Amino acid sequence: MIAPQNDEETPLLQRPEQPTAKTPLPWDQFWILLLLEMPDFLSSRTLIPFIPQLIRDIGVTHGDESQVGHYAGILQSSYYAAHTLTIFHWSQLSDHIGRKPVILTALLAIVISMLSFGLSKSFFGLVVSRIVCGAFDPSDSMVKSMLMDITDATNMPKAYSYIPVSLMIGNTIGPLIGGSLSRPADRFPNIFGRSELLKTYPYLLPCSISAFFISIIWFVTYICLKESVSITGKTPLWELIKKGFFRQSYSKPRQLSSNVIVDPGEGSPGKVQPKPLPLRALLTSKVLSVTASYTTMALFQTGFNSVLPVFYATPIELGGLSLDPPRIGTLLAASGVIHGIFQLLFYARLHDHFGARAIYIAGVSSGIPIVVLFPVTNALARAYGISMAVWLCVAIQLTLKTSLIMCFPCMALFIRAAAPNRASLGATNGIVMVAAAVGRIIGPASAASVFSYSLQEGHDAWSIYYFFIAVAFLAVGTALWLPRDPSVWEDSQ
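All figures in this text were calculated on a predicted structure; none of them were measured in a lab. (Residues numbered from 1 in each chain as written. Predicted model: local features only at pLDDT ≥ 70, side-chain atom pairs only at ≥ 80, totals over all residues. Heavy atoms only, no water.)

## Considerations on unusual backbone geometry
With a phi angle near 50°, Arg-183 is a residue other than glycine that sits in the positive phi range. By the element assignment, Arg-183 lies in the loop between helix H8 (156–181) and helix H9 (184–187). The backbone phi angle of Ser-322 is positive, close to 60°, even though this residue is not glycine. Inspection of the secondary structure puts Ser-322 in the loop between helix H15 (285–313) and helix H16 (325–354). (Helix = DSSP H or I, 4+ residues; strand = E, 2+ residues; numbered from the N terminus.)

## Describing the packing of helix H2 (residues 38–47) against helix H12 (residues 204–224)
Interaxial distance between H2 and H12 falls to 10 Å at its minimum, and their mutual angle equals 180°. Comparing the axis directions of H2 and H12 gives the class roughly antiparallel. Taken together, the residues of H12 that come into contact with H2 (itself represented by Met-38, Pro-39, Leu-42, Ser-43, Thr-46 and Leu-47) are Pro-206, Cys-207, Ser-210, Phe-213, Ile-214 and Ile-217. A breakdown of the residues in the contact of H2 with H12 according to their chemical character gives 9 nonpolar, 3 polar and no charged. (Axes fitted to C-alpha atoms, helices over the stretch in contact; angles between N-to-C directions. Parallel < 35°, antiparallel > 145°, perpendicular 65-115°, else oblique. Contact = heavy atoms within 4.5 Å. Nonpolar A, V, L, I, M, F, W, Y, C, P; charged D, E, K, R; others polar.)

## Some words on the pattern of salt bridges
By the definition in use, this model includes 4 salt bridges. As a salt-bridge pair, Asp-186 and Arg-183 come within 2.7 Å of each other at their nearest N and O atoms. Judged by relative accessible area, which is 29%, Arg-183 ranks as partly exposed. A salt bridge links Glu-196 to Lys-199; the shortest N-O distance between them is 3.9 Å. Placement of the pair is Glu-196 and Lys-199 together in helix H11 (residues 196–200), with a separation of 3 residues, close to one helical turn. Lys-199 sits in the partly exposed class, given a relative accessible area of 44%. Ionic contacts of the salt-bridge type, sharing partners, join the residues Asp-57, Arg-183 and Asp-186 into one network. (Salt bridge = Lys/Arg side-chain N within 4 Å of Asp/Glu carboxyl O. Buried < 20%, exposed > 50% of the residue type's maximum accessible area, 1.4 Å probe, protein only.)

## Overview of the nonpolar core
Here is a general trend for soluble globular proteins: nonpolar side chains tend to be buried in one another's company. Leu-36, Val-290, Tyr-294, Tyr-312 and Tyr-360 are the most contacted members of the largest nonpolar core, which totals 123 residues. If you tally residues by element for this core, the top one is H15, at 14 residues. Apart from residues no more than four positions distant in its own chain, Tyr-294 is found in contact with Lys-144, Tyr-360, Phe-408, Met-411, Ile-415, Val-432, Met-433, Ala-436 and Arg-440. (Core = buried A, V, L, I, M, F, W, Y, C linked by side-chain atoms within 4.5 Å.)

## Some details on the confidence of the model for the protein
This prediction gives the protein a mean pLDDT of 80; 85% of its residues lie at or above 70. Ranking the elements of the protein by mean pLDDT puts strand E2 (residues 254–256) last with 44 and H12 first with 94. Here residues 1–19 is modelled with pLDDT under 50, and outside its nearest four sequence neighbours on either side it reaches 20 contacts, counting other chains as well. (pLDDT = per-residue confidence, 0-100.)

## Overview of the packing of aromatic side chains
Enumeration according to the criterion identifies 20 aromatic pairs in this entry. Look at Phe-30 and Tyr-162: their rings are 6.2 Å apart centre to centre, the planes differ by 80°, and that puts the pair in the edge-to-face class. Placement of Phe-30 in helix H1 (residues 27–36) and of Tyr-162 in helix H8 is noted, with a sequence separation of 132 residues between them. Given a relative accessible area of 23%, Tyr-162 falls into the partly exposed group. Ring plane angle 55° and centroid distance 6.2 Å describe the contact between Trp-90 and Phe-136, whose orientation is recorded as tilted. Separated by 46 residues along the polypeptide, Trp-90 in helix H4 (residues 68–97) and Phe-136 in the loop between helix H6 (123–135) and helix H7 (139–150) bring together distant segments of the chain. On the accessibility criterion, Phe-136 (41% relative accessible area) is partly exposed. (Phe/Tyr/Trp six-rings, centres within 6.5 Å; stacked < 30°, edge-to-face > 60°.)

## Here we look at the environment of Arg-484
By the secondary structure assignment, Arg-484 is in the loop between helix H22 (463–479) and helix H23 (486–492). In the structure, Arg-484 is positioned 129 residues away from Gly-355 in sequence and 7.3 Å away in space, judged by C-alpha atoms.

## Comments concerning empty space enclosed by the protein
The final tally for this structure, using the stated rule, is 6 cavities of 30 Å³ or more. Its boundaries defined by the atoms lining it, the largest cavity holds a volume of some 910 Å³. Around the largest cavity sit 48 residues that line it, and Phe-41, Ser-44, Arg-45, Tyr-80 and Asn-305 are the ones nearest its centre. Along the lines of polarity and charge, the residues of the lining of the largest cavity split into 24 nonpolar, 15 polar and 9 charged. (1 Å grid on protein atoms, 1.4 Å probe; cavity = no way out; pocket = protein on both sides within 12 Å on 5 of 7 lines; lining within 4 Å. Points joined across faces, edges and corners; volume = space filled by probe spheres on them.)

## Here's the deal with H7
End to end, H7 covers 16 Å across 12 residues, agreeing with the expected 16 Å (1.5 Å per residue, within 8%). The element H7 is largely enclosed, with a buried count of 12 among its 12 residues. (Expected span 1.5 Å × (residues − 1).)

## Section: the packing of helix H5 (residues 99–119) against H12
Interaxial distance between H5 and H12 falls to 8 Å at its minimum, and their mutual angle equals 165°. In terms of orientation, H5 lies roughly antiparallel with respect to H12. Judged by the sense of rotation from one axis to the other, the crossing of H5 with H12 is left-handed. Touching Lys-100, Ile-103, Leu-104, Leu-107, Leu-108, Ile-110, Val-111, Met-114, Leu-115, Phe-117, Gly-118 and Leu-119 of H5 are Leu-204, Cys-207, Ser-208, Ser-210, Ala-211, Ile-214, Ser-215, Ile-217, Trp-218, Thr-221 and Tyr-222, all from H12. Residue composition of the contact of H5 with H12, grouped by class: 17 nonpolar, 5 polar and 1 charged. (Left-handed = near helix turned anticlockwise from the far one by under 90°.)

## Describing a nonpolar patch on the surface
Residues Ile-169, Ile-173, Phe-212, Phe-213 and Ile-216 make up a contiguous nonpolar surface patch of about 420 Å² in total accessible area. When residues of the nonpolar patch are traced back to their parent elements, those giving at least two are H8 and H12. The topology assignment puts Phe-212 in helix H12. Overall, the relative accessible area of 52% leaves Phe-212 in the exposed class. (Patch = residues over 30% accessible without salt bridge, like charges linked within 9 Å, V, L, I, M, F, W, Y side chains within 5 Å. Areas by Shrake-Rupley, 256 points an atom, 1.4 Å probe, with all protein chains shown as cover.)

## What to know about the environment of Tyr-466
Within the fold, Tyr-466 resides in helix H22. Residue Tyr-466 is classed as exposed on the basis of its relative accessible area of 52%. When the C-alpha positions of Tyr-466 and Val-372 are compared, they lie 9.7 Å apart, and in sequence the two are 94 residues distant.

## Some details on H6
Its 13 residues give H6 an end-to-end C-alpha distance of 18 Å, which sits within 8% of 18 Å, the value for a rise of 1.5 Å per residue. Those residues of H6 lying buried are Phe-123, Gly-125, Leu-126, Val-127, Ser-129, Arg-130, Cys-133, Gly-134 and Ala-135. As for H6, its buried residues are in contact with H2, helix H3 (51–58), H4 and H5.

The following block contains the structure:
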């Protein structure tokens, strides 16, 4: 009998025919996961429109406009620094105690952090609030792990076509809240002019409204969300901490809960269920390839996201567009709507036609024209002011960002395929998220610092664009390590 080939590069046409029937989505739980995709984006996008003005208000730059981007980058990177140190532990912990308690902890951390941010009057206080949020917020990783738990290879692309609905809501409402309700006593004196609280803390109102929405999601999750993994004979939490995750795998059998959708044959009677693996066993070539691709993509994406509002807010003569927070919030909200609608309508179809790797490479490659539009837009603004040509360039840049956003569902498919077994999905996702968080630390801090450096007199104004172009090419290079389709990896296991 000839042994089946496991070569990752074996042509797909030589593989056994894959089943064409697609598993229906488990909507009784899937709608809650869609809801849980919102808090992370809602909270962060609420802050983005007013962070440049907030940094000016607290006086940390001492009036030096070129330093605003530098401190904005530090503020954003502080979240990811704390996130990097804890995300793997939260992800691996969820493989043992379940996803739900970790998600509830994350939502509570976001609420506390948002209120703390709105009450902060110093740059140190702002950084501490973001660190607290980053250390206790593995919600995005947990939702992705839970989505992998309740879907299979046939319906996961369809599931990810709905994710933009949540992201669109978070990316739209967040900037509108932050841009419209910051400094309410100044902007709406007839309504909030008598509030000493809002005069003292001019950014508390948008942070409080965002925290209120996330609190509602916490209660819905607590009441309605079912656990997607369970352990027979659970190891006590203290024992997990005392023994450490890195030094052993746990021998107690793992059992899937009733709402989990599994691949054919998985969970069959008499079949031994897989166990969560230790860290060393998870560091396979597949996992490392996905990690490298995700990290470089996250490096570019977060760097771009941190520079974009600063670019909008920077005076035209220094290289920006001189836009105020309400306009910045409106632009970011509009782009969120565009990205969400496009991915909802077209991602699943594009995936079925072109495959995950082609979409991913096209997405990271779009970073190059996105970067080129920065100096073009500023040059037009210098020559003609904020004219129709400037708005056209802004619209093209934000539209191109759509292809970059579609890289994320592609990466989720590769992460699921790279996991050594289904019991280690959380830990595998955690490894990738740790590396991506490192990229998200380096991205905002380095991009914002290079942007500030390029604005200073006597320095090369194109430094920031050279930086982004180099990162974009690096992301394209690591994408070439991925297989043509995630099923290539799954079939070889």
